[in-house]
Amino acid sequence: MKPEKIELVDKTSLRLLWNDGKSSVFTLMNLRKFCPCATCEQERGEWSDTYIPLFMKSQITIREIRPVGSYAINLVWEDGHNTGIYEYAKLLLQKAWE
Ligand SMILES: [Zn+2]
């Protein structure tokens, strides 16, 4: 499946309308918190159980959404972070991003 439409909803979430008519809504905070890039994955590995990450507004604001081939989107955040590739297959399954 791939999205036919990707839109920002009220600046805090992203909605993907899939080509089968279904839609998914993801929270920008969670998309950033669980950014799939290697750097963020490593950072998360270093969090302790009691650590609560805080994000600046620029880190949870999307500047640009770029399609990657026909399988993913690349989110560019307002703070310049642009290495997260969100695969459609994972977006369809990944509850952490909702
Ligand atoms: Zn990242």
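That block above? That's the structure.
Here is what the cut-offs are and how they apply
Along every chain, residues carry numbers that run from 1 in the direction the sequence is written. Side-chain atom pairs in this predicted model are given and counted only at pLDDT of 80 or more, local residue features only at pLDDT of at least 70, and totals for whole chains, interfaces and linings cover all residues. Side-chain calculation: all heavy atoms of the structure are included, whereas hydrogens and water are not. With water excluded from the atoms, a metal site may look incomplete; its donors are any N, O or S atoms within 2.8 Å, or within 3.2 Å for Na, K and Ca. Donor angles set the geometry label: tetrahedral for four donors if every angle is between 85 and 135 degrees, square planar for four and octahedral for six if opposite donors exceed 155 degrees and the others are between 65 and 115, irregular for anything else. Only runs of H or I of at least four residues qualify as helices and only runs of E of at least two qualify as strands under DSSP, and these elements are numbered from the N terminus. Note on exposure labels: buried denotes an accessible area under 20% of the residue type's maximum, exposed denotes more than 50%, and partly exposed covers the range between, all computed with a 1.4 Å probe on protein chains only. Pairing between two strands requires that DSSP report at least two bridges joining them. Helix axes are fitted to C-alpha atoms over the stretch in contact, other axes to C-alpha atoms as well, and angles between N-to-C directions run from 0 to 180 degrees. Here, the term nonpolar core denotes a set of buried Ala, Val, Leu, Ile, Met, Phe, Trp, Tyr and Cys residues that are joined through side-chain atoms within 4.5 Å. Working rule for contacts: check all heavy atoms of both residues, and any pair within 4.5 Å makes them a contact. The salt bridge definition used is simple: a Lys or Arg side-chain nitrogen within 4 Å of an Asp or Glu carboxyl oxygen.

Caption draft 1: Representation of the coordination of the zinc ion in the model. Looking at the zinc ion, the protein donor atoms are Cys35 (SG), Cys37 (SG), Cys40 (SG) and His81 (NE2), and they sit 2.1 to 2.3 Å from it. Of note is the zinc ion, whose 4 donor atoms meet at the metal with angles of 103 to 116 degrees in an arrangement that counts as tetrahedral. Here the donor residues for the zinc ion map to a single chain with the spacing C-x1-C-x2-C-x40-H. You can see Cys37 sitting in the loop between helix H1 (28–33) and helix H2 (38–46) and its partner His81 sitting in the loop between strand E5 (72–77) and strand E6 (84–87), a full 44 residues away along the chain. Like His81, Cys37 is buried.

Caption draft 2: View of the sheet that holds E5. Ordered in space as E4-E5-E6, the 3 strands form an open sheet in which the pairing is antiparallel. This sheet does not close on itself; its edge strands, each paired only once, are strand E4 (62–68) and E6. If you compare each strand with its neighbour and ignore which way they point, the axes differ by 30 degrees on average. Strand direction decides the pairing type here: E5 and E6, joined by 4 bridges, are antiparallel. The partner of Leu75 across the bridge, within E6, is Gly84.

Caption draft 3: Representation of the nonpolar core within the structure. Core analysis: the largest hydrophobic core is formed by 17 residues, its most contacted members being Leu14, Leu31, Ile73, Leu75, Trp77, Tyr86 and Leu91. Going through the elements one at a time, strand E2 (13–18), H1, E5 and helix H3 (88–93) are the ones with two or more residues in this core. Apart from the residues lying within four places of it in its own chain, the contact partners of Leu31 are Leu14, Phe26, Leu75, Trp77, Tyr86, Leu91 and Trp97.

Caption draft 4: The arrangement of the side chain of Gln59 in detail. Inspection of the secondary structure assignment puts Gln59 in the loop between H2 and E4. Residue classification places Gln59 among the buried positions, given a relative accessible area of 16%. The contacts of Gln59, once residues within four sequence positions are left out, are Arg32, Leu54, Trp77 and Asp79.

Caption draft 5: Region of the structure containing the pattern of salt bridges. A full pass over the atoms with the stated rule returns 7 salt bridges. Notably, a salt bridge pairs Arg63 with Glu78, separated by 3.6 Å at the nearest N-O pair. Note that Arg63 is positioned in strand E4 and Glu78 in the loop between E5 and E6, a separation of 15 residues in sequence. When its relative accessible area of 47% is taken as the criterion, Arg63 is described as partly exposed. When its relative accessible area of 35% is taken as the criterion, Glu78 is described as partly exposed. Salt bridges sharing common partners tie together Lys5, Glu7 and Arg15.

Caption draft 6: The pairing of strand E3 (residues 23–27), seen in detail. Residue alternation in E3 divides its side chains into a buried set, Ser24 and Phe26, and an unburied set, Ser23, Val25 and Thr27. Alignment of E2 against E3, held across 5 bridges, turns out to be antiparallel. What sits directly across from Leu14, in E3, is Phe26. The turn joining E2 and E3, which pair antiparallel and follow one another in sequence, is formed by 4 residues; a positive phi near 95 degrees is taken by Gly21.

These results come straight from atomic positions and should not be treated as a statement about function.
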